[in-house]
Each structure stands twice: as C-alpha cells, then as structure tokens.
Amino acid sequence: YCDNRITLSHPSVRTYIRQKLTQLIQEEYGSVDLIAGVATAGIPQGALVAQELGLPFAYVRSKAKEHGTGSLIEGEIVEGQRVVVIEDLISTGKSSLQAVDALRNAGLSVAGLVAIFTYGFDQAEENFKEAKCRFSTLSNYNTLIKYAAEHSFIAQNDVDLLAKWRRNPADWGKELEQLT
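About the criteria used
Residues numbered from 1 in each chain as written. Predicted model: local features only at pLDDT ≥ 70, side-chain atom pairs only at ≥ 80, totals over all residues. Heavy atoms only, no water. Pairing = 2+ DSSP bridges. Helix = DSSP H or I, 4+ residues; strand = E, 2+ residues; numbered from the N terminus. 1 Å grid on protein atoms, 1.4 Å probe; cavity = no way out; pocket = protein on both sides within 12 Å on 5 of 7 lines; lining within 4 Å. Points joined across faces, edges and corners; volume = space filled by probe spheres on them. Axes fitted to C-alpha atoms, helices over the stretch in contact; angles between N-to-C directions. Parallel < 35°, antiparallel > 145°, perpendicular 65-115°, else oblique. Contact = heavy atoms within 4.5 Å. Nonpolar A, V, L, I, M, F, W, Y, C, P; charged D, E, K, R; others polar.

Trainee: Would you take a moment to explain the sheet that holds strand 1 (residues 34–38) for this structure?
Mentor: Spatial ordering of the open sheet is given by 3-2-1-4-5-6, a layout of 6 strands whose pairing is mixed. Edge strands, defined here as strands with exactly one partner in the open sheet, are strand 3 (73–74) and strand 6 (135–140). Sheet topology note: the strand 4 (residues 82–90)/strand 5 (residues 109–118) ladder contains 8 bridges and is parallel. Bridging from a neighbouring strand, E87 pairs with A115 of strand 5.

Here's what the structure looks like:
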C-alpha cells in the first residue's frame with residue numbers, strides 16, 4: 001500500500017507535491033474554476049492545490065451525509081464550473097470515478113483528475129476510459145520499483161516479486177502461500 005497521507009507530515013514533501021500537482025493541472029487541463037478533492041485523502045492535497053491556484057475548493061464524500069443537508073458534495077459549487085478532481089492514489093479508479101460522477105451529476109464539467117500515484121492497473125485505465133475521464137499522476141508503481149532497485153532499497157528478487165504482484169494482486173497472496 002502506498003500511503004501518501006504520510007507526506008502531509010513533511011513540509012518540504014508536502015510543498016513539492018502541491019507545486020507539482022499545480023503544475024500538472026496547468027499543463028494538462030489549463031484554466032479551471034474549481035478544485036475538488038476525493039474524500040478523504042484527496043481533501044488535504046486538493047485544499048493545498050486550490051490555495052496555490054487561488055481557486056475555490058470543494059470535496060466529494062464517498063456517500064451522502066446521513067444528517068444535516070445530506071450532501072454528497074461539500075463546498076460551494078456552481079453549475080457549469082470546470083473542475084479538476086484531486087486524488088492521492090489510483091488503484092482501480094472506483095472511488096475516484098464515483099466522485100467524478102457526483103460532480104457531473106451536479107452539473108459540473110470535469111476536465112480531468114490528478115493524483116499523486118497510480119499502481120497502473122489495466123482495470124483503472126479501462127475504468128477511466130469508459131467514464132471518459134482523463135487522468136494524470138505524478139508517479140506510478142513501475143517508476144517507484146525502478147527507483148527503489150536503482151538505489152538499492154530493494155534487491156532484484158524483490159523487483160521480480162513486486163512485478164508479479166502488480167500483474168495479479170488479487171491472487172498474489174495465494175501464490176505466495178504456495179511458495180512457503
């Protein structure tokens with residue numbers, strides 16, 4: 001599991017991610033009206049990016065509140081706004097695309113989604129393509145593994161094992177049990 005929440009505890013890393021996400025949005029999506037974070041890990045990154053861009057911020061819950069306004073989207077939104085969604089991590093894309101759907105259903109124009117990291121699963125690529133939603137990330141699983149190997153954080157047999165996990169994470173634990 002790639003825990004991007006820990007980056008918030010380190011000001012220099014947090015600043016770097018904020019600046020790179022901002023740059024990615026400007027390069028890939030141009031001018032936007034709103035930044036929306038995906039609850040929960042996309043909220044702090046999204047708020048930081050919105051602040052950097054001088055834009056309003058909203059966030060999308062995984063399910064509507066059961067009290068108060070019963071909102072799924074928190075923050076002030078205006079129909080027709082062009083929005084970029086912020087996520088910390090993409091695995092299959094399911095939660096990210098639920099947020100995209102909620103924003104579209106509220107009448108917003110989703111330019112795309114940016115995230116810190118993706119595992120690069122084929123399922124995510126298919127899900128985003130089917131949803132007609134572009135996405136961009138700062139890094140990905142293959143880059144992480146390559147860097148870790150080049151800098152001797154992991155050995156070559158670890159690279160092979162991690163590549164095997166990436167190809168089939170659902171069955172990887174079963175295969176590992178058979179090896180022991």
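Moving on from the coordinates now.
Trainee: Whenever I open this one, empty space enclosed by the protein confuses me. Can you help?
Mentor: It is a probe the size of a water molecule, rolled over the atoms, that shows where empty space is left. Summed over all chains, the structure comprises 1 cavity of 30 Å³ or more. By volume, the largest cavity is sized at about 30 Å³. Taken together, N4, R5, L8, A41, P44, Q45 and D88 make up the lining of the largest cavity.

Trainee: Would you mind going over the packing of helix 5 (residues 141–150) against helix 6 (residues 156–167) with me for this structure?
Mentor: For any two helices packed against each other, one specifies the crossing angle of their axes together with the interaxial distance. Where helix 5 contacts helix 6, the axes come no closer than 11 Å and their chain directions differ by 170°. The angle between helix 5 and helix 6 falls in the class roughly antiparallel. Across the interface between the two elements, Y141, N142, I145 and A149 from helix 5 touch V159, L162, W165 and R166 from helix 6. Residue classes in the contact of helix 5 with helix 6 are distributed as 6 nonpolar, 1 polar and 1 charged.

Interpretation in functional terms is not warranted from these geometric data alone.
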